[in-house]
Amino acid sequence: MPYEILEHTADVRVHVHAASLVELFSDAVQAMNEILDPTLPEQAKVVTAEISLEAPDVTALLIDFLNDVLLQTQLQRTTFRDIALHTFTDTSLRATLSGQRFASLGRDIKAVTWHEAEIRRNRNREWKTVIVFDI
Amino acid sequence: MVPKSALRELSPFVREIPRSYRSDMRVPARVYATPSMIERILQDRSLEQLVNVATLPGIVKYALAMPDVHEGYGFPVGGVAAFDEEEGIISPGGIGYDINCGVRLLCSSMQKEALSGRLGDIGRAIYAEVPSGVGKGGMLSLKGRQLDTVLEGGAKKMLELGYGLEADIRRIESGGCLDAAEASLVSDHAKARGHDQLGTMGAGNHFVEVEYVSAIYDEAEAARMGLFRHQVCVMIHTGSRGLGHQVATDSIRLMNRSLARFGFSLPDRELACAPFRSPEGQDYWKAMSAAANFAWANRQLITWEIREAWKRLFGRDEGLELLYDVAHNIAKIETHTVGGTPKKLVVHRKGATRAFPGQPVLIPGSMGTGSYVLSGREEALKESFGSSCHGAGRTMSRTRARKETDAGELLRELQEKGIVVQAGSKEGLTEEAPSAYKDVDEVVGVVSQSGIAKKVARLKPLAVIKG
């Protein structure tokens, strides 16, 4: 698994790790989707959304990106499983999200927090960070 | 993690981490707890987070943790901190994403015996009337100026729209409206996320609970508040829904980009803040006030929905009077005495309840264990910036609670206690299992024995309604 859900007294703490930054961003979205636990109808409408962001550093870019995906998830009632990154640097990105309308969500996420988030490379040259989701 | 050796005992219920513990602390950090509670508190990151709060610019006296404290993000949940209005900061992370999450208690004139055999009907009627669950919309879908007037008018606007009684407004903290609110400072995204969520409960730990007064500890105070033995009451716990969450997200993003300009170096980016008097600080204060008003309007509309259900069940003469409504995730401008001088402070309460002398303090326990009504005391003004705990406080993670709790067994246990449960999600129910929370009696015991607030009445649940 590219991510593990760890213990947190009140919220959900996730450890995400990936071979590249692009994968780390995509895996973090998948972790968020797992927490949201959507129920998808058999024939769901496909929905797309565009996200364009600039941030002061790569950790801020990830947290801002996840919060924007969460916003689109809630506004469009859609689970975005496909992330196409058209441009990607440490401080900016442009992405197209596509996914399916959900019937319901099993769990709410209020926000993606900055607490403990810090993208680093470990000894195996993997990118990793912890993310705490406010439930 | 903060080691136990760092704690100094100030009294049987108060321990302090001195300023010398970490070089960046501006004030000491204090925690209200019994020795056995301290052992549990030391097992997560609550106190480390409290020490981080003690480093924030303009903090006065001390950073405080109430006995229900547990790890959060940025501030610990159960945290209180006050900042000088002129020289201090305001921090969205010190209020949380659910701005003005809070509790409201409604009281009927009936005794619990009158509900005999009807609890199932009551649970179903309230569940049908109050929309619940993740992202659920409600009976009103507000647009443009309509939503703005609610953001600026709070519960008072709901009264104008016909969803309340004059008497309600007097029994809400701050009259259910913060005048600083400016709807134009709430983003379109935040408005889009919340525009149809007024009058809805949401998910997670939010609930409506029908309860009865099982014990009275202070007859005079209970009589003053209109409480009597076996009286049926209804408790509401919810906040500002998606609108408040997005206001916090927007502000934390903005403030994180301005930290260098303010010259702030923070131990945790979730503590992002701005000087209260800066344009960024003022913009957040006004947007937070608007989200707080949305939460009061939300609890007011839910009150109306419950009253409608009540009337259908018991007839037009059976009313539900508002006892009080308190916020437990909010910043307020209050005057407190610091070093013998009254000072205007920006008091942050994150998972903490205002407890001014004589004010009803509402403390919900875990699902199935019931709640307390307390009355704030003078000591709270002297010691805790007029603040108390806000609940039992979690002690077990949601993931572990889901793993360790069997939904069927939990439902049976509640049924054996005579409690009716009407819940949309079985998984959601297991996350809120009583075993995932501290003992509310012990938490309230600390608040009461340390003199912050006195116990007035204990309530026990009859029906739990959740998303």
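Residues numbered from 1 in each chain as written. Chains lettered and ligands numbered in written order. Predicted model: local features only at pLDDT ≥ 70, side-chain atom pairs only at ≥ 80, totals over all residues. Heavy atoms only, no water.

Novice: Tell me about the overall build of chain B, and name the residues and values.
Specialist: If you tally the helices and strands in chain B, you get 15 helices and 19 strands. Its C-alpha atoms give chain B a radius of gyration of 21 Å, near enough to 23 Å, the size a compact globule of 467 residues would have. With the C-alpha coordinates aligned to their principal axes, the bounding extent of chain B is approximately 60 × 50 × 45 Å. For chain B, contacts bridging at least 24 residues in sequence account for 77% of all contacts bridging at least 6. Separation between the mean location of the 59 positive side-chain charges and that of the 57 negative ones in chain B comes to 1 Å. (Helix = DSSP H or I, 4+ residues; strand = E, 2+ residues; numbered from the N terminus. Rg over C-alpha atoms; globule rule 2.2 N^0.38 Å. Contact = heavy atoms within 4.5 Å. Lys, Arg positive; Asp, Glu negative; His and termini not counted. Charge placed at Lys NZ, Arg CZ, Asp CG, Glu CD.)

Novice: Just give me the short version of the sheet that holds strand β13 (residues 341-350) of chain B, but keep the residues and values in it.
Specialist: All names here are of chain B. The strand order β1-β2-β3-β4-β5-β13-β12 describes an open sheet built from seven strands, whose pairing is mixed. The strands lining the two open edges of the sheet, one partner per strand, are β1 (8-11) and β12 (329-338). Mean inter-strand twist for the sheet, computed between neighbouring axes without regard to direction, equals 40°. Across three bridges, strand β3 (residues 29-32) lies against strand β4 (residues 63-73) in parallel orientation. In the sheet register, Arg-30 faces β4, and the bridge partner there is Leu-64. Its contacts with the sheet put helix α2 (residues 46-53) on β2 (14-17), β3, β4 and β5 (75-84), and the angle it makes with β4 is roughly 110°. (Pairing = 2+ DSSP bridges. Axes fitted to C-alpha atoms, helices over the stretch in contact; angles between N-to-C directions.)

Novice: I'd like to hear about the confidence of the model for chain A, residue by residue, with values.
Specialist: Chain-level pLDDT for chain A is 95 on average; 100% of the residues reach the 70-or-more range. Mean pLDDT across the elements of chain A bottoms out in strand β1 (residues 3-6) of chain A (90) and peaks in helix α2 (residues 58-76) of chain A (98). (pLDDT = per-residue confidence, 0-100.)

Novice: Go over a negative patch on the surface with me, naming the residues and quoting the values.
Specialist: Residues and elements named next belong to chain B. A surface patch of like charges, here negative, comprises Asp-406, Glu-409, Glu-413 and Glu-416. The residue Asp-406 is located in the loop between α12 (398-404) and α13 (407-416) in this model. What makes Asp-406 partly exposed here is its relative accessible area of 42%. (Patch = residues over 30% accessible without salt bridge, like charges linked within 9 Å, V, L, I, M, F, W, Y side chains within 5 Å. Areas by Shrake-Rupley, 256 points an atom, 1.4 Å probe, with all protein chains shown as cover. Salt bridge = Lys/Arg side-chain N within 4 Å of Asp/Glu carboxyl O. Buried < 20%, exposed > 50% of the residue type's maximum accessible area, 1.4 Å probe, protein only.)

Novice: With reference to specific residues and values, describe the packing of helix α8 (residues 241-256) of chain B against helix α10 (residues 279-314) of chain B.
Specialist: Residue and element names in this part refer to chain B. Where α8 meets α10, the axes come as close as 9 Å, and the angle between the chain directions of the two elements is 170°. Classified by the angle their axes make, α8 and α10 are roughly antiparallel. Every residue of α10 that contacts α8 at Arg-241, Leu-243, Gly-244, Val-247, Ser-251, Leu-254 and Met-255 is listed here: Glu-280, Gly-281, Tyr-284, Ala-287, Met-288, Ala-291, Phe-294 and Asn-298. (Parallel < 35°, antiparallel > 145°, perpendicular 65-115°, else oblique.)

Novice: Give me the lowdown on the interface of chain A and chain B, citing residues and values where you can.
Specialist: Contacts between the two partners involve 38 residues from chain A, matched on the other side by 37 residues from chain B. Surface buried jointly by chain A and chain B totals about 3,200 Å² across both partners, of which 49% is contributed by carbon and sulfur atoms. Ranking the residues of chain A by area buried against chain B places Thr-9, Lys-110 and Trp-114 of chain A at the top, with a combined share of 23%. The interface formed by chain A and chain B holds nine salt bridges in total. Between Glu-116 of chain A and Arg-45 of chain B there is a salt bridge, and its shortest N-O distance comes to 2.7 Å. In this assembly, chain A and chain B are joined by 23 residue pairs in polar contact (both at pLDDT 80 or more). The biggest single contributor to the side of chain A that touches chain B is α2 of chain A, with nine residues. Grouping the constituent residues of the side of chain A that touches chain B by class yields 16 nonpolar, eight polar and 14 charged. (Buried area = accessible area lost by both parts, 1.4 Å probe. Polar contact = N/O pair within 3.5 Å; in protein donor to acceptor, adjacent residues only side chain to side chain. Nonpolar A, V, L, I, M, F, W, Y, C, P; charged D, E, K, R; others polar.)

Novice: Tell me what's going on with the pairing of β13 of chain B, and back it up with residues and numbers.
Specialist: Residue and element names in this part refer to chain B. The sheet contact formed by β5 and β13 spans six bridges and is antiparallel. Looking across to β13, one finds that Ala-81 is bridged to His-348. In this sheet, β13 lies alongside β12 in antiparallel orientation, the contact comprising 10 bridges. Among the inter-strand pairings, Ala-331 is bridged to a residue of β13, identified as His-348. The loop that links β12 with its antiparallel partner β13 comprises two residues; one of these, Gly-339, has a positive phi angle of about 60°.

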